[in-house]
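What follows is the residue order along each chain.
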Amino acid sequence: MDGREILEGFISIYYQKGDSSYLGFLLRTLRHLPFFTPERFFQKIQELQNTFQARFTFFVLGKVAKSRRSLLQELEANGHEIASHSFHHYSSLSLSDLQFRKELEDSLKALHFLKKSPQGYRSPHLFFKESHYAILHQLGFLYSSSQFAPEAQIRRIHERFFEVPVHFMDCHFLGFPQRMRDAFSKQIHLGSIHAFHPYIALHPKYEELLWSQIRQKQIPLIPIREILEGNPGMAISFDIGF
C-alpha cells in the first residue's frame, strides 16, 4: 500500500461521513506523493535516529511482518521496539475473546523472527474491550497502548500488565497546523506517549511544528517499554500496516 492509497482512503472515509474539514489538506498533500512511500518513511526514521539518537516503538500488523522481516530485524538491532498491532486490522470491538486471542497468536507467530518477543500491543483504531486485557496478559504482553487520554497516567491492570495511554495523536489535527503545534507542545515532557501517523507526521510541512520542538526541549526519545521500566524520556510510536 503506497501513499496515494492511504490518502485516498482517508478522503473516501471523510467524504462518506460528510466531514469535509480535512479534505483540502489531504488533497494538497497528494502533491507530495514522492514523500509518501514506505521507503521514504524508513529513510526518515534513520535520519531521526541519527539526529536525535531516537528510538521508537513500531506497532506492526502481523500480515505485513513477513515482507518486512529484514527491515524489522534491523530496526530491532538499532534499539527500536517492535510491538503488535494485531494480525489483521480488525476493530477489537467486533471480535469475540476467542477471535481476539487468535489475532494475537497469529501476530506473535508472524513476528517470531524477532530476538525479543513483542511486549506491547496497540488495538486498531484504538477501539478496545476491557475483557481483552486478560488475554494480552495471558499471552505474555507487558502493556497495551490502546486508549487516547491526554491527561491520563499509566494504569496497572494486572500485577505485570499496564495500559499506557496515548497523550498526543497527530491525526487529530490534520489541516490545523497551529492547533497541532500547541497541542504537541503541551505534551512534550518526560513520560509522555505519542502516536504519529507514518505518512502525515513525517511530511516536510511538520518539520517545524513537531521535530523542531523536540530538538529545542532536548528530551530523550525512547521506546514505550523503557518508559515502563522507569527510564527518563518520552515515547513516539508508529502503527505499521505497509
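Presented here is a report on the structure given in the accompanying data block. Here the structure is a predicted model, which means the values were calculated and not measured.

What counts as what
- Residues numbered from 1 in each chain as written.
- Predicted model: local features only at pLDDT ≥ 70, side-chain atom pairs only at ≥ 80, totals over all residues.
- Heavy atoms only, no water.
- Salt bridge = Lys/Arg side-chain N within 4 Å of Asp/Glu carboxyl O.
- Helix = DSSP H or I, 4+ residues; strand = E, 2+ residues; numbered from the N terminus.
- Buried < 20%, exposed > 50% of the residue type's maximum accessible area, 1.4 Å probe, protein only.
- Contact = heavy atoms within 4.5 Å.
- Arc of directions from axis to C-beta.
- Phe/Tyr/Trp six-rings, centres within 6.5 Å; stacked < 30°, edge-to-face > 60°.

**Focus on the pattern of salt bridges**
Working definition: two side chains of opposite charge can pair if their charged atoms are close together.
Turning to step 1, where the next piece is worked out: In this structure the tally under the stated criterion is 7 salt bridges.
Turning to step 2, where the next piece is worked out: Here K102 and D106 are joined by a salt bridge, their closest N and O atoms 2.7 Å apart. Placement of the pair is K102 and D106 together in helix α6 (residues 97-110), with a separation of 4 residues, close to one helical turn.
Turning to step 3, where the next piece is worked out: Taken together, the shared-partner salt bridges connect R40, K44 and E47 into one network.

**Concerning the environment of E76**
Turning to step 1, where the next piece is worked out: Within the element layout of this structure, E76 appears in helix α5 (residues 69-77).
Turning to step 2, where the next piece is worked out: Of the residues examined, E76 reaches a relative accessible area of 17% and is grouped as buried.
Turning to step 3, where the next piece is worked out: Along the chain, E76 and R55 lie 21 residues apart, while their C-alpha atoms are 9.5 Å from each other.
Turning to step 4, where the next piece is worked out: Those residues in contact with E76 that lie beyond four places of it in its chain are I82, L114, K115 and K116.

**Here we look at helix α8 (residues 177-186)**
Turning to step 1, where the next piece is worked out: Within α8, the full set of buried residues consists of M180, A183 and F184. The arc that holds the buried residues of α8, viewed along the axis, is 100°, so those residues lie on one side.

**Details of the packing of aromatic side chains**
Turning to step 1, where the next piece is worked out: Under the counting rule described, the total for this entry stands at 20 aromatic pairs.
Turning to step 2, where the next piece is worked out: On the basis of an interplanar angle of 70° and a centroid distance of 5.3 Å, the ring pair of F41 and F238 is categorised as edge-to-face. On the criterion of sequence distance, the pair formed by F41 in helix α3 (residues 38-52) and F238 in strand β9 (residues 235-240) is long-range, its members being 197 residues apart. F238 carries the same exposure label as F41, and that label is buried.
Turning to step 3, where the next piece is worked out: Taking 5.7 Å as the distance between ring centres and 55° as the angle between the ring planes, the aromatic pair formed by F184 and F196 counts as tilted. Of this pair, F184 sits in helix α8 while F196 is found in strand β8 (residues 193-196), placing the two residues 12 residues apart along the sequence.
Turning to step 4, where the next piece is worked out: Taking relative accessible area as the criterion, F184 reaches 0% and is therefore assigned buried.
Turning to step 5, where the next piece is worked out: Relative accessible area serves as the criterion here: at 3%, F196 is assigned to the buried category.

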